[in-house]
Amino acid sequence: MSIADTLPGESHGHIISSIINLVCPQCGGRMSEFQCEGRCCRNWLAEWEWANYATRSSKSCLSKRSGKRAW
Ligand SMILES: [Zn+2]
């Protein structure tokens, strides 16, 4: 099972902003660094790194290929 299978593409920003705000993206519970202290007790470090990488790579890919601002 890979991380990409468990998370839809549009949730990158949601995961990043939730972790920044120390709110678990899954259960909405409190977070300590990347470890959920709420109901799901999930560790989000891998998702954090993956979401950051995916967001960064897709953005740089777009700007390089279009040559002008997408927005
Ligand atoms: Zn949680």
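About the cut-offs
- Residues numbered from 1 in each chain as written.
- Predicted model: local features only at pLDDT ≥ 70, side-chain atom pairs only at ≥ 80, totals over all residues.
- Helix = DSSP H or I, 4+ residues; strand = E, 2+ residues; numbered from the N terminus.
- Buried ≥ 20, exposed ≤ 12 C-beta atoms within 10 Å, placed from the backbone.
- Contact = placed C-beta atoms within 7 Å.
- Core = buried A, V, L, I, M, F, W, Y, C linked by C-beta atoms within 7 Å.
- pLDDT = per-residue confidence, 0-100.

## Re the environment of Cys40
Next up, step 1: Position of Cys40 relative to the elements: it lies in the loop between β2 (35-36) and α3 (45-66).
Next up, step 2: By the C-beta count within 10 Å, which is 14 here, Cys40 ends up partly exposed.
Next up, step 3: Note: C-alpha distance between Cys40 and Gly29 (eleven residues apart in sequence) is 8.2 Å.
Next up, step 4: Excluding anything up to four places from it in sequence, Cys40 contacts Cys24, Gln26 and Cys27.

## Side note on the nonpolar core
Next up, step 1: Counting residues in each nonpolar core, the largest one holds seven residues, listed as Ile15, Ile19, Cys24, Met31, Cys36, Trp44 and Ala51.
Next up, step 2: Setting aside residues no more than four positions away along its own chain, Cys24 makes contact with Ser18, Gly29, Met31, Cys36, Gly38, Cys40 and Arg42.

## What to know about the confidence of the model for the protein chain
Next up, step 1: Put simply, the protein chain has an average pLDDT of 80, and 68% of its residues get 70 or more.
Next up, step 2: Looking at the elements of the protein chain, mean pLDDT is at its lowest for helix α1 (residues 3-6), recorded as 51, and at its highest for β2, recorded as 98.

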